[in-house]
Amino acid sequence: MKFPESILLPPQSEKLKVTNVEFAGVKVRLSEPVDKINANRGLIYFHGGGWVFGSANSTEPWTSALAEELNMVVASVDYRLAPEHLYPAAFDDCVTATTHFIKHASDYGVDPTRIAVGGDSAGGNLAAAVALKLRDIDFQPPIKIQVPIYPVLQFFDLNTKSFIDNGHIPILTKELMPQYPLLYLRGNTKYTNDLGKNAHISDDMLKSKYAKRVSQSLLPEKYRKLDTDETPDRYVNQEAATELRPMLTDPYLSPMMADDLTNLPKTYLITAEYDVLRDDGLLYVANLRQAGNDVTHANYKSIHAFTYLLIPPFQLDSAVQCLKELCLFLKEQL
């Protein structure tokens, strides 16, 4: 489910110059402060939409607000979408756009050591994956901050308590969620039911190091599954387990599963209480902290995609609060 973009767009701000450009062949919506004084921060942002829909246009209220409030240059990436363009097309576009922005930051009056990467939902996945990739290749200067917003970070367990409790809530339901990574990776929705029931997890994977990354022990007690939540008779589709294994182990597809989570950028991770992906965020926070990273976590009593509802009359208080608190963090840390 997606919002009609036309009803979510803000009026064009006189404080911003917004242009459509390309970064090394990747389409980007660039929001630059008209007043360039002290406008030396930068953010590269990846929209949500399950890697299947969405655009820089759909996230315009959020990125424009950040650019205006922080007097910051924001580059919103129009990465290629599935199923026409399968993984790693979107990821590659995001890496290309990010490295280009850092290399050419001075062209936009931005200090290359003061650049953050962020995104929501599938875009939060891409932001975390880009942060990992740039760490892995020792790209310099490094990303200073990553801001994953209600991100999807793993495909090992799609029956966390947040899936169980919030699976019926609109925008992103338990039935809908498994379709998106399958379209991203494979271009079809075969194995949707298997993914949704965790029937793609083989017995050896349940005993692997990957299972530890989604251990219930990492979650605050109130978010751990009860014994009554567990399915007594576990079924495994061996074909799905074999074909979907890359979805479980590739760190640029499932950032939670990276072998090494050390030395990542300072993190500000946002979750929504009534979102199937809430526990992905909670688990990543725990894993990042265990690896010695500096992590700030903000959880809002809201639903998936709440940051898109920023403009009256379709405005949520949680979106306004989230924007305010993120801006305070970035003013101090970026």
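For the structure given in this document, a descriptive report is provided here. In this text the structure is predicted, and so the values were computed from the model without any measurement.

Considering the overall build of the chain
Inference 1: Of the regular secondary structure elements, the chain holds 12 helices and 10 strands.
Inference 2: Its C-alpha atoms give the chain a radius of gyration of 19 Å, near enough to 20 Å, the size a compact globule of 334 residues would have.
Inference 3: By its C-alpha atoms, the chain is 60 × 45 × 40 Å across when sized along the principal axes.
Inference 4: For the chain, the residues scored as buried account for 59% of the 334 residues in total.
Inference 5: Accessible surface, the chain: about 13700 Å² in total, of which carbon and sulfur atoms supply 51%.

What to know about unusual backbone geometry
Inference 1: Put simply, Tyr87 and Pro88 share a cis peptide bond, and its omega is 15°.
Inference 2: Here Pro88 lies in the loop between strand S4 (73–78) and helix H2 (89–103).
Inference 3: Note the cis peptide between Gln140 and Pro141, where omega equals -5°.
Inference 4: Even without a glycine there, the phi angle at Tyr150 is positive, about 30°.

Details of the pattern of salt bridges
Inference 1: For the structure on display, the rule yields 15 salt bridges.
Inference 2: Between Glu60 and Arg29 there is a salt bridge; the shortest N-O distance is 2.9 Å. Residue Glu60 is located in helix H1 (residues 60–70), and its partner Arg29 is located in strand S2 (residues 26–33); the two are separated by 31 residues in the primary sequence. Residues Glu60 and Arg29 agree in their burial class; the two are buried.
Inference 3: For the salt bridge of Glu273 with Arg278, the shortest nitrogen-to-oxygen distance reads 3.6 Å.
Inference 4: For Glu273, a relative accessible area of 8% translates into the label buried.
Inference 5: A residue is classified by how much of its surface remains accessible, and Arg278, at 3% relative accessible area, is buried.
Inference 6: Each of the salt bridges in this network shares a partner with another, and the network as a whole consists of Arg135, Asp136 and Asp260.

Things to note about the packing of aromatic side chains
Inference 1: Going through the model one piece at a time under the given rule, you end up with 12 aromatic pairs.
Inference 2: Plain terms: the ring middles of Phe23 and Phe101 are 5.7 Å apart, the flat faces sit at 15° to each other, and that makes the pair stacked. Within this pair, whereas Phe23 is found in strand S1 (residues 16–23), its partner Phe101 is found in helix H2, the two being separated by 78 residues in sequence. The pair Phe23 / Phe101 is uniform in exposure class, with both members buried.
Inference 3: Geometrically, the ring pair formed by Tyr87 and Tyr184 is edge-to-face, given 5.4 Å between the ring centres and 75° between the ring planes. Taken as a pair, Tyr87 in the loop between S4 and H2 and Tyr184 in helix H5 (residues 179–185) lie far apart in primary sequence, 97 residues in all.
Inference 4: Here Tyr87 falls in the buried class, since its relative accessible area comes to 16%.

Things to note about the packing of H2 against helix H3 (residues 122–136)
Inference 1: At a closest axis distance of 10 Å, the pairing of H2 and H3 adopts a crossing angle of 60°. Taken together, the axes of H2 and H3 are oblique relative to one another. The two elements H2 and H3 cross, and the hand of that crossing is right-handed. In this structure, H2 uses Ala90, Phe91, Cys94, Val95, Thr98, Thr99 and Ile102 to contact H3, whose residues at the interface are Leu126, Ala129, Val130, Lys133 and Leu134.

Quick word on the sheet that holds strand S8 (residues 295–303)
Inference 1: Strand order across the open sheet formed by eight strands is S1-S2-S4-S3-S5-S6-S7-S8, with mixed pairing between neighbours. Only two strands of the sheet have a single partner each, and these edge strands are S1 and S8. Here the strands of the sheet are splayed against their neighbours by 20° on average, with no regard to which way each runs.
Inference 2: Taken together, the five bridges between S2 and S4 define a ladder with antiparallel strand orientation. Bridge pairing in S4 links Leu30 to Ala75.
Inference 3: Sheet contacts for H1: S1, S2, strand S3 (42–46), S4 and strand S6 (145–149); angle to S2, the most-contacted strand, approximately 40°.

What counts, and at which threshold
Residues numbered from 1 in each chain as written. Predicted model: local features only at pLDDT ≥ 70, side-chain atom pairs only at ≥ 80, totals over all residues. Heavy atoms only, no water. Helix = DSSP H or I, 4+ residues; strand = E, 2+ residues; numbered from the N terminus. Rg over C-alpha atoms; globule rule 2.2 N^0.38 Å. Buried < 20%, exposed > 50% of the residue type's maximum accessible area, 1.4 Å probe, protein only. Areas by Shrake-Rupley, 256 points an atom, 1.4 Å probe, with all protein chains shown as cover. Salt bridge = Lys/Arg side-chain N within 4 Å of Asp/Glu carboxyl O. Phe/Tyr/Trp six-rings, centres within 6.5 Å; stacked < 30°, edge-to-face > 60°. Axes fitted to C-alpha atoms, helices over the stretch in contact; angles between N-to-C directions. Parallel < 35°, antiparallel > 145°, perpendicular 65-115°, else oblique. Left-handed = near helix turned anticlockwise from the far one by under 90°. Contact = heavy atoms within 4.5 Å. Pairing = 2+ DSSP bridges.

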